[in-house]
Amino acid sequence: MATVGTAERLREVGLECATVFKVNEGRPNVADHIKQGEIALVINTPLGRVSHYDEQAIRRAALQYNVPCVTTMTGAQALVEALTSRIEAKEISVHPLQELHAVSASAR
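Fair warning: this is a prediction, and the values are worked out from it, not measured in the lab.

> Looking at this model, I keep getting lost on the overall build of the protein. Mind explaining?
Each helix and strand in the protein was counted, giving five helices and two strands. Going residue by residue from the N terminus, the α and β elements of the protein occur as α-α-β-α-β-α-α. For 108 residues, the compact-globule estimate of 2.2 N^0.38 gives 13 Å, and the C-alpha radius of gyration of the protein, at 18 Å, exceeds that figure by more than 25%. Projected onto its principal axes, the C-alpha coordinates of the protein cover approximately 55 × 30 × 25 Å.

This is how it looks when you write it as C-alpha cells:
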C-alpha cells in the first residue's frame, strides 16, 4: 500500500501495490488502514512542512497499534537488506557486538 506518488514509483520498478489516501486526502486513509490491522510495516519518509500532519497521524497510529515504523531512507534500505539476507540465508548466525567491534578495530 502506498500513497499516489510512491505507488507510481513502486510500479515503475515492478512492484505491485494498492494506492491509499494520505491522512489529509480523505478516508479510508493510511492511518485508518493501520487501525484496521491491514498494514504490518510503515515506511514513512516525509518531506517538508506539508507532510508534518500526515507524519504525526501515521506515527501515532503505528505506535498505538504496534506497527513498526521506519522514518528514513537509510533505515528503509537497511531493513530491505536485512530481510533479503534473512530470506536468502540458510542459517542465521549471532555475534556479540564486542566481537564485531574487535574485528573492525583490528582491520584499522
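Moving on, there is more to tell.
> Mind showing me how you'd approach the side chain of Asp32 here?
Tracing the backbone shows Asp32 in helix α2 (residues 30–35). A polar side-chain atom of Asp32 sits 2.9 Å from a polar atom in the side chain of Arg27.

> How should the environment of Ala76 be read in this particular structure?
Inspection of the secondary structure puts Ala76 in helix α4 (residues 73–88). Since its relative accessible area comes to 9%, Ala76 is described here as buried. Through-space distance from the C-alpha of Ala76 to that of Glu55 is 16 Å; in sequence the pair is 21 residues apart. Among residues more than four places away in sequence, those in contact with Ala76 are Ile43 and Val70.

> It is not clear to me how the environment of Asp54 should be interpreted in this structure. Could you clarify?
Looking at the secondary structure, you find Asp54 in helix α3 (residues 52–64). With 27 residues separating them in the primary sequence, Asp54 and Glu81 have C-alpha atoms 27 Å apart. Not counting residues within four places of it along the chain, the set of residues in contact with Asp54 comprises Lys22, Val23 and Asn24.

> Looking at this model, I keep getting lost on unusual backbone geometry. Mind explaining?
Excluding glycine, most residues fall at negative phi; most peptide bonds, likewise, are trans. A cis amide bond links Arg27 to the next residue, Pro28, at an omega of -5 degrees. Along the chain, the position of Pro28 falls in the loop between α1 (4–12) and α2. Positioned with a positive phi, Asn66 is a non-glycine residue whose angle comes to about 55 degrees. In this structure, Asn66 sits in the loop between α3 and β2 (69–70).

> What's the story with the environment of Val94 in this structure? I'm lost.
Tracing the backbone shows Val94 in the loop between α4 and α5 (97–106). By relative accessible area, Val94 is classed as exposed at 76%. In the structure, Val94 is positioned 52 residues away from Val42 in sequence and 26 Å away in space, judged by C-alpha atoms.

> Explain the pattern of salt bridges to me, please; I cannot follow it from the model alone.
Between side chains of opposite charge, pairing is possible as soon as their charged atoms come close. Overall, the coordinates contain three salt bridges when judged by the stated rule. For Arg59, the salt bridge is made with Glu55, and the minimal N-O distance between the two is 3.0 Å. In this pair, Arg59 and Glu55 are both assigned in helix α3, four residues apart and thus about one turn of the helix distant. Of the residues examined, Glu55 reaches a relative accessible area of 18% and is grouped as buried.

Scoring rules and cut-offs
Position numbers for residues start from 1 in each chain and track the written sequence from start to end. At least 70 in pLDDT is required for a residue's local features to be given in this predicted model, at least 80 for side-chain atom pairs to be given and counted, and no such filter applies to totals for whole chains, interfaces and linings, which use all residues. Side-chain numbers come from the whole structure's heavy atoms, not from hydrogens or water. Counting from the N terminus, the helices are DSSP H or I runs at least four residues long and the strands are E runs at least two residues long. Atoms counted for the radius of gyration: C-alpha only. Globule rule: 2.2 Å times residue count to the power 0.38. The term polar contact refers here to a pair of N or O atoms within 3.5 Å; inside protein, the definition further demands a hydrogen-donor-capable atom paired with an acceptor-capable atom, and it admits residues adjacent in sequence only when both atoms are side-chain atoms. For every residue, the accessible area (1.4 Å probe, protein chains only) is compared with the maximum for its type, and the residue is labelled buried under 20%, exposed over 50%, or partly exposed between those bounds. Residue contacts are defined here by distance: any two heavy atoms, one from each residue, within 4.5 Å place the two residues in contact. Whenever a carboxyl oxygen of Asp or Glu lies within 4 Å of a side-chain nitrogen of Lys or Arg, that contact is scored as a salt bridge.

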